[in-house]
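Residue strings, one per chain:
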Amino acid sequence: MNEEIILSAAEMVREKLKDEGSGHDWFHIERVWKNAIKIGQSEKVDMFVVQLAALMHDLADDKVVSSEEDGISEINYWLEGEGVPSAVTEKVLMIIQNISYKGGNGQNLESLEAKVVQDADRLDAIGAIGIARAFTYAGSKGQPIFDPRYEVREEMTKEEYRNGKTSTIHHFYEKLLKLKNLMNTETAIKMAQERHQFMEQYLEEFFKEYMLEEDE
Ligand code: ADP
Ligand code: NI
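- For the protein, an unreviewed UniProt entry supplies the name HD domain-containing protein and the organism Marinilactibacillus piezotolerans.

1. Here we look at the coordination of the nickel ion (ligand 2)
Working step 1: Protein coordination of the nickel ion (ligand 2) is provided by His-28 (NE2), His-57 (NE2), Asp-58 (OD) and Asp-121 (OD), with donor distances spanning 2.1 to 2.5 Å.
Working step 2: Bound by four donor atoms, the nickel ion (ligand 2) shows angles of 84 to 171 degrees at the metal and therefore irregular coordination geometry.
Working step 3: All donors of the nickel ion (ligand 2) come from a single chain, and their spacing in sequence reads H-x28-H-D-x62-D. Here the residue His-28 occupies a position in helix H2 (residues 26–40), and Asp-121 occupies one in helix H7 (residues 112–123), the gap between them amounting to 93 residues. The burial state of His-28 is the same as that of Asp-121; both residues are buried.

2. Examining the pattern of salt bridges
Working step 1: The tally for this structure, following the rule as stated, stands at seven salt bridges.
Working step 2: Here Asp-124 and Arg-133 are joined by a salt bridge, their closest N and O atoms 3.8 Å apart.
Working step 3: The exposure class of Arg-133 is buried, given its relative accessible area of 16%.
Working step 4: Notably, a salt bridge pairs Lys-208 with Glu-205, separated by 3.7 Å at the nearest N-O pair. One end of the pair, Lys-208, and the other, Glu-205, are both in helix H11 (residues 186–210), three residues apart, so they sit about a helical turn from each other.
Working step 5: Glu-205 gets classed as partly exposed once you look at its relative accessible area, which sits at 37%.

3. A closer look at the packing of aromatic side chains
Working step 1: Under the defined criterion, the tally for this structure stands at 11 aromatic pairs.
Working step 2: A ring pair is formed by Phe-135 and Tyr-202, whose centres lie 6.4 Å apart and whose planes are at 65 degrees; its orientation type is edge-to-face. You can see Phe-135 sitting in helix H8 (residues 127–141) and its partner Tyr-202 sitting in helix H11, a full 67 residues away along the chain.
Working step 3: Exposure remark for Tyr-202: the relative accessible area of 26% places this residue in the partly exposed category.
Working step 4: Summarising the aromatic geometry, the rings of Phe-172 and Tyr-202 are spaced 6.0 Å apart at their centres and angled 25 degrees between planes, so their arrangement reads as stacked. Placement of the pair is Phe-172 in helix H10 (residues 168–174) and Tyr-202 in helix H11, with a sequence separation of 30 residues.
Working step 5: Looking at Phe-172, the relative accessible area reads 0%, which means it is buried.
Working step 6: Every member of this aromatic cluster is reached through a ring pair, and the members are Phe-135, Phe-146, Phe-172, Tyr-202, Phe-206, Phe-207 and Tyr-210.

4. Considerations on the side chain of Arg-122
Working step 1: Position of Arg-122 among the secondary structure elements: in helix H7.
Working step 2: The side chain of Arg-122 sits in the buried core without any salt bridge; Asp-119 is the nearest counter-charge, 5.1 Å away.
Working step 3: Within polar-contact distance, the side chain of Arg-122 engages the backbone oxygen of Leu-182 at 3.0 Å.

5. Concerning helix H4 (residues 68–81)
Working step 1: Given a rise of 1.5 Å per residue, 14 residues ought to cover 20 Å, and the 20 Å separating the end C-alpha atoms of H4 matches this to within 8%.
Working step 2: Buried residues of H4: Gly-71, Ile-72, Ile-75, Trp-78 and Leu-79, and no others. On an axial view of H4, the arc spanned by its buried residues comes to 130 degrees, and they lie on one face. Facing away from the buried side of H4, by more than 90 degrees, are the exposed residues Glu-69, Tyr-77, Glu-80 and Gly-81.
Working step 3: Downstream of H4 by a residue or two, Gly-83 has a phi angle that is positive, lying close to 75 degrees.

Reading the values: the criteria
Throughout, residues of each chain are indexed from 1 in the direction in which the sequence is written. To label them, take the chains in the order written and letter them from A, then take the ligands in the order written and number them from 1. The predicted nature of this model means local features are confined to residues of pLDDT at least 70 and side-chain atom pairs, given and counted, to a pLDDT of 80 or more, with totals for whole chains, interfaces and linings taken over all residues. Side-chain metrics in this entry use all non-hydrogen atoms of the structure; hydrogen atoms and water are not considered. Atoms of type N, O and S within 2.8 Å of a metal are treated as its donors, and for Na, K and Ca the window is 3.2 Å; water is not considered, so some sites may appear to be missing partners. Any site counts as irregular unless it has four donors with all angles between 85 and 135 degrees, making it tetrahedral, or four or six donors with opposite ones more than 155 degrees apart and the rest between 65 and 115, making it square planar or octahedral. Helix numbers and strand numbers start at the N terminus; a helix is a DSSP run of H or I with at least 4 residues, a strand a run of E with at least 2. Partly exposed residues are those whose accessible area sits between 20% and 50% of the maximum for their type, while under 20% is buried and over 50% is exposed, using a 1.4 Å probe and protein chains only. Whenever Lys or Arg places a side-chain nitrogen within 4 Å of a carboxyl oxygen from Asp or Glu, that contact is recorded as a salt bridge. Centres within 6.5 Å make a pair out of two Phe, Tyr or Trp rings, where for Trp the six-membered ring is used; the pair is then stacked when the planes are under 30 degrees apart, edge-to-face when over 60, and tilted otherwise. Under the convention used here, Asp and Glu are negative, Lys and Arg are positive, and both His and the chain ends fall outside the count. Pairing of N or O atoms within 3.5 Å defines a polar contact, subject to two protein rules: one partner must be a possible hydrogen donor and the other a possible acceptor, and residues neighboring in sequence count only if both atoms are side-chain atoms. The span you would expect from a helix comes to 1.5 Å times its residue count less one. The directions considered for the arc run from the helix axis to the C-beta atoms.

Pasting the structure below:
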């Protein structure tokens, strides 16, 4: 029964996000779903809640829907239609509203299920895949690869984060390199190490190529 609802959720999300072009497409969701299952296996969590939240976690993001409110009510309506108990729906909606890097802004999440989904989503923002997603997102916004005129600022307000003058290489310092230390679960902490190292290596190489003239 739960298995059927999960597969039906996956199908619904796949249809909705199949043409999404800013790095929040179905394949991001599928990776987060897989990460969440892997991480959840070592935690005492309700895997039904974890899987539904992982699958639907970007459906209330205003990059994907017109408003967070509309997104949330649509999810609510969909879950109700599938006969998901309201206690489960409440947990899923709470997770979706709280895990975003911007929304959550480092605040502690209450449920272990939320922590698992947040870790799963954050893992997809780092490493080789994270690098690819950052440049995809940037391309969709017309943001430069690197602009040495901008300052690297580690603390940004939500508005600055959204609209601020930045470049994708700056985004690594603003967010991506911080994620390793923000993981909640042991499994994700371990998985983040290699991905983090790969980003550091990537940046090193990037600046090596960028500074070419000075080396000569
Ligand atoms: P979340 O959904 O966790 O709140 P975002 O929606 O901000 O995170 O980011 C989704 C993806 O887009 C991530 O992989 C993130 O690194 C990337 N991204 C967000 N903002 C930028 C930016 N200014 N430059 C490059 N990539 C970005
Ligand atoms: Ni996501």
